[in-house]
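Structure at a glance
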Amino acid sequence: MQYKDFVKWSRWPTTWCGGCAIGIVFKQVIFSLERMGLAQNELTVVSGIGCSGRAAGYFNVDSVHVTHGRALPVAEGIKRGNPHLKVLVFSGDGDLVGIGGNHLIHTARRNVDLTVICINNQTYGMTGGQMAPTTLKGTKTLTSPHGNRYHPLNIQGLITSNHNYFYARSSAYHINHLQKVIREAFAWPGFAFIEVVAYCIENFGRRLGYRFGYEMLLKIKGIYKINRSPKERLKENELGVLIK
Amino acid sequence: MKQLIMGNEAVARGALRAGLGFFAAYPITPASEIMHYLAEKEGEIEFVHAEDEIASIHMAIGASLAGLKAMTSTSGPGMSLKQEGIGLAQMMEVPLVVVDVQRVGPSTGMPTLPSQGDVLQAKHGSHGDYLALVFYPASVEECYRYTIEAFNAAEESRSPVILLLDGFLAHLSETVDLRRIRFSLKKRSLAPLGTGNRHFTGLLSKEGIPNTDDSQYYRQWYARVKNKMLSVADKYAFYEYWKNPQATTLLIAFGITARVIRPLKDRYAIFRPIRLFPVLAGPLKEIAAPYQRVVVVEMSDGQYAGEVQRVLQREVISLPVLGGEIHLQEIKEALNAI
Ligand SMILES: Cc1ncc(C[n+]2csc(CCOP(=O)(O)OP(=O)(O)O)c2C)c(N)n1
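Basis of the calculations
Residues numbered from 1 in each chain as written. Chains lettered and ligands numbered in written order. Predicted model: local features only at pLDDT ≥ 70, side-chain atom pairs only at ≥ 80, totals over all residues. Heavy atoms only, no water. Helix = DSSP H or I, 4+ residues; strand = E, 2+ residues; numbered from the N terminus. Buried < 20%, exposed > 50% of the residue type's maximum accessible area, 1.4 Å probe, protein only. Contact = heavy atoms within 4.5 Å. Lys, Arg positive; Asp, Glu negative; His and termini not counted. Charge placed at Lys NZ, Arg CZ, Asp CG, Glu CD. Rg over C-alpha atoms; globule rule 2.2 N^0.38 Å. Near = heavy atom within 4 Å. Polar contact = N/O pair within 3.5 Å; in protein donor to acceptor, adjacent residues only side chain to side chain. Areas by Shrake-Rupley, 256 points an atom, 1.4 Å probe, with all protein chains shown as cover. Nonpolar A, V, L, I, M, F, W, Y, C, P; charged D, E, K, R; others polar. Salt bridge = Lys/Arg side-chain N within 4 Å of Asp/Glu carboxyl O. Buried area = accessible area lost by both parts, 1.4 Å probe. Pairing = 2+ DSSP bridges. Axes fitted to C-alpha atoms, helices over the stretch in contact; angles between N-to-C directions. Domains from an automatic or database assignment. Right-handed = clockwise from strand over helix to strand, strands pointing away.

Here we take up the overall build of chain B. A count of helical and extended segments in chain B gives twelve helices and 18 strands. The C-alpha extent of chain B, read off along each of the three principal axes, is 60 × 50 × 40 Å. Looking at chain B residue by residue over its 338 residues, the buried ones come to 59%. Within chain B, contacts between residues at least 6 apart in sequence are counted, and of these 74% link residues at least 24 apart. Within chain B, one finds 35 positive and 36 negative side-chain charges whose respective centroids are separated by 8 Å.

In structure tokens form, the structure reads like this:
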């Protein structure tokens, strides 16, 4: 299948705002699917709730859009129900790490053979821009109007605390890196988690003074560097893959 | 061959007989023996001791979508957590069996004395309008039989069918010959994931495309789903009735309560619904008509009595048996005092 065949065009246009990062990531996924030569009936996509969670419905394969935070248990049930299916989870940080955090800990511990793409836009985009467990300290959001008092959750630490793991950090700017990481994650025989540094312009960036999505994209370009052979941990400004 | 079997074990064995392929749960008394029994079958079936009840029902939904007959089991506190998944399975029309072995609540309540206080939760614990199919056996043999029927009804209705038990029934051991039980089995009704480009979603949707701001469409959709549930329910209209021409009072009871009051059938007529929901309106109206009084004896403060009253549109007396203990003598006295 060509990458365009992986898109469910009858659903166009998407719900995503102009300037949103999710569409960029979606596109890297379908490019990767073409490159991996997957057939329609070899893949299913599961999403939770949120802007990122809408992604499942845009893939031209059997897909499931579940309740908030529950993408991982549904995906685990699917994988156990049919181990031959490739199961991709595409959801947001609030969904996977916030409300679904308990499932994340345990699905990773059970090392269920899933590929997870977590859009980390540091906010709850769909509900208007509240703080997420990933929001940086000091950031103003609807539920932290005086600046977030807490440090963000260390997703890398959480995933890599397991006996076996595949943890990758990539970004909506570094699309070649992202595609490569997606292919590696699919090939990994176990739980593969990709944290994609992304952004939300309409419900988050504007409140912080950004005018356009691409300004946030360029900010990511400025901050992040790819580390091709990281030792034990990625530094805060590094992208790369950690496996064990 | 007769065997001594516990209610919970009969549920597990009924599920296996019905073709169970996936089971996930989180331990909780008095439901855990179902899980223990099925843990032994890991390998023959997919078994997960999940991180919580929310995970276990969502895993069951996933497994069902992937093509396996799936079940989860719990008790009241876990049933409250499963409500989110029950709503999702209703909306996505996913076949599934959810077993709730009731204990006294609210909250952690009286672990683990038996109760029938989850009756309304079973009917309507998740948000929004939906019709749940709810069965409630009253013997070990029936635990087996109606677990199988719950799987059949789940396939036919493509919905999460709920099997209620109480702690008494779940831990009751009786000798039964399971091979003597006759039943038919429904095949899987849903094409598994990986066979098309369908979209399953908790959003209201039309042919897989979310349609979330069209009230007219919602009404059509709801009418279709309601119709579907009612017509499947018709095929599973299970109940028992001990007629008594001399009696002036009809007693209504289910599960363990129905067993306890059975000796009263010489003085009263007794109606025992096995399908609790949708309420068996047809038979109930006809059966109740000749009796001056209708009394619902249940281990809750009138949860089912209210449902019966709504259907019969006449006064229904509630006789609650609360706090996890049930004695025939007490019930007799309470009935005499009415
Ligand atoms: C149980 C439940 N709680 C709350 C909500 C409301 N809600 C919808 S999306 C969302 C946050 C999504 O955030 P994230 O996963 O980060 O996705 P994003 O929209 O940023 O892509 C919330 C809280 C819900 N749908 N269900």
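Once the structure has been displayed, the description carries forward.
This part takes up the overall build of chain A. The helix and strand tally for chain A stands at eight helices and ten strands. Computed over its C-alpha atoms, the radius of gyration of chain A comes to 17 Å, within 12% of the 18 Å expected for a compact globule of 244 residues. With respect to the principal axes defined by its C-alpha atoms, chain A has extents near 50 × 45 × 30 Å. Here chain A, with 244 residues, has 59% of them falling under the buried criterion. Counting only contacts in chain A whose residues sit at least 6 apart along the sequence, the fraction spanning at least 24 positions is 66%. Positive and negative side-chain charges in chain A, numbering 29 and 15 respectively, have mean positions lying 5 Å apart.

All names here are of chain A. In the vicinity of the ligand lie 15 residues, with Cys51, Ser52, Asp93, Asp95 and Gly125 positioned nearest. In this structure, Cys51 approaches the ligand through a main-chain N or O atom, which is 2.8 Å from an oxygen atom. Ser52 places a polar side-chain atom, nitrogen or oxygen, 2.6 Å from an oxygen atom of the ligand. Burial of the ligand by the surrounding chains reaches 73%, relative to a free accessible area of 590 Å². Listed by contribution, the elements that provide at least two residues to the shell around the ligand are helix H3 (93-99) and strand S5 (123-124). Here the residues of the shell around the ligand sort into four nonpolar, nine polar and two charged.

Another point: the pattern of salt bridges. Applying the stated criterion across every chain, the model contains 24 salt bridges over all chains. For the salt bridge of Arg13(B) with Glu9(B), the shortest nitrogen-to-oxygen distance reads 2.9 Å. Of this pair, Arg13(B) and Glu9(B) both sit in helix H1 (residues 7-18), four residues apart, which is roughly one turn of that helix. Taken together, the shared-partner salt bridges in this structure form one network comprising Glu76(A), Arg80(A), Arg110(A), Glu46(B) and Glu51(B).

Its location among the elements puts Lys8(A) in the segment before helix H1 (22-36). Within the structure, the side chain of Lys8(A) is placed 2.6 Å from the backbone oxygen of Asn197(B), a separation counted as a polar contact. Setting aside residues no more than four positions away along its own chain, Lys8(A) makes contact with Gly57(A), Tyr58(A), Phe59(A), Asn60(A), Asn197(B), Arg198(B) and His199(B).

For an interface, size is often stated in terms of accessible area lost upon the parts coming together. With 33 residues of chain A at the contact, the number on the chain B side is 35 residues. Where chain A abuts chain B, roughly 2600 Å² becomes buried across the two surfaces, and 56% of that area is made up of carbon and sulfur atoms. When the area that chain A buries against chain B is broken down by residue, the three leading residues are Asp62(A), His65(A) and Arg80(A), summing to 24%. Where chain A meets chain B, there are four salt bridges. Across the salt bridge formed by Arg70(A) and Glu84(B), the nearest N and O atoms sit 2.7 Å from each other. Inspection of the region where chain A meets chain B yields 21 residue pairs in polar contact (both at pLDDT 80 or more). Elements supplying a minimum of two residues to the side of chain A that touches chain B: strand S2 (63-65), helix H2 (71-81) and helix H4 (101-109) of chain A. Top element by residues in the side of chain A that touches chain B is H2(A). It accounts for seven residues.

All names here are of chain B. If you walk across this open sheet you meet the five strands as S13-S15-S14-S17-S18, and the pairing is mixed. The two strands at the open ends of the sheet, each matched to only one other strand, are strand S13 (239-242) and strand S18 (317-320). Taking each pair of neighbouring strands and ignoring which way they run, the sheet shows an average axis angle of 20°. By the bridge criterion, three bridges tie strand S14 (residues 249-252) to strand S15 (residues 269-273) in an arrangement that is parallel.

Residues and elements named next belong to chain B. Under the domain assignment used here, chain B contains domain 1 (3-234) and domain 2 (239-337). Its C-alpha centre places domain 1 at a distance of 26 Å from the equivalent point of domain 2. Taken over both partners, the interface formed by domain 1 and domain 2 buries close to 2200 Å², and the fraction arising from carbon and sulfur atoms is 60%. Put simply, domain 1 and domain 2 have three salt bridges between them.

What follows is about the sheet that holds strand S3 (residues 86-92) of chain A. Taken in spatial order, the nine strands of this open sheet run S9(A)-S10(A)-S7(A)-S8(A)-S4(A)-S3(A)-S1(A)-S2(A)-S10(B), and their pairing is mixed. Strand pairing shows two members of the sheet lacking a second neighbour, strand S9 (225-226) of chain A together with strand S10 (199-201) of chain B, which therefore form its edges. In terms of strand pairing, strand S7 (residues 166-171) of chain A meets strand S10 (residues 238-243) of chain A through four bridges, oriented antiparallel. Bridging across to S10(A), Tyr167(A) finds its partner in Leu242(A). Packing of H2(A) onto the sheet brings it into contact with strand S1 (43-47), S2, S3 and strand S4 (115-120) of chain A, and relative to S3(A) it is tilted by some 175°.

Okay, the pairing of S18(B) next. The alternating pattern of S18(B) places Ile317(B) and Leu319(B) on a buried face, while none of Ser318(B) and Pro320(B), on the opposite face, is buried. Handedness of the crossover joining strand S17 (residues 293-298) of chain B and S18(B) through helix H11 (residues 303-312) of chain B is recorded here as right-handed.

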